[in-house]
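# Structure at a glance
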Amino acid sequence: MTTFTEQTRERAREIIARYPADRSRSALLPLLHLVQSEEGYVSPSGVEFCADVLGLNKAQVGAVATFYTMYKRRPTGDYLVSVCTNTMCNVLGGQEVYDTLAEHLGVGHDETTADGKVTLEHAECLAACDYGPVMTVNYDFFDGVDPAAALGVVEELRSGGRPMPTRGARLCTLKEMAVQLAGFADEREGAVADGGPGEPTLRGLRLAEQHGISVPGYDPNTPIRSKAEADAAAARAKAAEQAKPALATTANGSTAPDVKAPDAKSPEVRAAETRQPDARTAVPDAPGTQVPADPTPPAPRDAREAEAAGIAANAPAGDGKPAGDEAGAQERSLKEAQK
């Protein structure tokens with residue numbers, strides 16, 4: 001079992017500290033790169049180390065390590081040479097490049113030369129179709145390669161040289177690259193400043209410059225804020241917005257605090273809208289209609305009519321006298337006139 005160095009253990013603690021305590025398992029991906037930076041691959045010892053520091057079991061760690069192709073499960077050379085053989089690069093000669101290297105180095109896919117310098121692999125896609133055919137060395141690009149150019153790169157690597165990639169920083173070994181993938185800076189002086197972008201990448205910028213196209217209000221000198229700074233600025237803007245009173249436009253175009261308009265409905269209308277349906281008029285089958293249950297059985301029709309007639313006869317008139325007395329007096333006066 002490998003005993004990892006104290007530097008690796010210190011870096012592991014630093015990686016884990018980047019994540020909330022209840023989500024420490026999110027540190028697994030950079031930790032796998034970290035153990036690969038010491039051993040050159042993710043060994044069983046590396047899996048056990050990651051499981052121990054994160055409180056996981058080895059099956060959980062192994063499932064992740066075997067899912068991603070960037071985690072190597074057996075010793076890998078100082079330089080991982082990946083040749084794209086997917087559709088676009090293949091049409092442009094990618095397979096021929098791969099076959100030439102395989103024959104020259106005497107290795108196949110995911111195999112390492114006897115001197116431990118070069119591991120060869122074919123890649124499904126390297127996301128650089130406009131530069132094809134492409135190959136990478138420890139994930140740095142060599143664009144538009146042909147068999148002769150690819151042979152020149154691997155021979156320089158085997159002789160101890162470090163050819164300059166078409167794009168990207170100065171080449172480093174796979175272990176050095178794994179440290180960077182774990183989230184630590186390349187400490188070689190001037191390494192990141194080396195290299196440059198490819199012309200197809202700059203094509204859009206060239207066209208924008210040629211036609212005078214720019215983002216309105218864009219200032220290239222504006223510093224890029226960290227996520228913490230951006231979150232703090234967003235929180236301040238939200239608090240300021242919430243502190244403002246809501247404004248409404250008045251008839252003359254000025255603004256005034258938004259006052260909610262009073263309800264134009266009368267109390268009687270609002271009461272009617274909230275009243276339960278009448279059991280005698282509600283339609284039981286209408287959607288949403290609730291017919292209140294009345295435990296009192298309905299009175300006979302004759303009794304209801306008599307009750308209604310009695311109420312009408314005794315309803316108060318405008319002068320305060322019972323309506324029934326006035327109607328009776330009129331009837332008696334008419335009969336006397338007819339005699």
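Residues numbered from 1 in each chain as written. Predicted model: local features only at pLDDT ≥ 70, side-chain atom pairs only at ≥ 80, totals over all residues. Heavy atoms only, no water.

Per an unreviewed UniProt entry, the protein chain is named NADH-quinone oxidoreductase subunit NuoE, and its organism is Micromonospora rubida. According to its UniProt record, the protein chain has this under Sequence similarities (unreviewed entry): "Belongs to the complex I 24 kDa subunit family." Recorded under Cofactor (unreviewed entry), the UniProt text for the protein chain is reproduced unchanged: "[2Fe-2S] cluster". (UniProt positions renumbered as here; feature names shortened; annotations may be inferred.)

### Quick notes on the pairing of strand β1 (residues 79-84)
The buried count for β1 comes to six of six residues, which makes it a mostly enclosed element. Of the two faces of β1, both are covered, the one formed by Tyr79, Val81 and Val83 as well as the one formed by Leu80, Ser82 and Cys84. Bridge count for β1 against strand β3 (residues 118-123) is six bridges, and the pairing is parallel. Considered in β3, the bridge of Tyr79 is made with Val118. (Buried < 20%, exposed > 50% of the residue type's maximum accessible area, 1.4 Å probe, protein only. Helix = DSSP H or I, 4+ residues; strand = E, 2+ residues; numbered from the N terminus. Pairing = 2+ DSSP bridges.)

### Topic: the packing of aromatic side chains
For any pair of aromatic rings, geometry is given as the distance between the ring centres together with the angle between the planes. For the structure on display, the rule yields three aromatic pairs. With a centroid separation of 4.9 Å and an interplanar angle of 80°, the aromatic rings of Phe67 and Tyr68 are classed as edge-to-face. Residue classification places Phe67 among the exposed residues on the basis of a relative accessible area of 62%. Its relative accessible area of 38% is what places Tyr68 among the partly exposed residues. Aromatic side chains Tyr68 and Tyr71 sit 6.1 Å apart centroid to centroid with 85° between the ring planes, which places their arrangement in the edge-to-face category. For Tyr71, a relative accessible area of 6% corresponds to the buried category. Here the basic side chain of Arg11 rests over the ring of Phe184, its NZ or CZ set 5.1 Å away from the ring centre. (Phe/Tyr/Trp six-rings, centres within 6.5 Å; stacked < 30°, edge-to-face > 60°. Lys NZ or Arg CZ within 6 Å of the ring centre and 35° of its normal.)

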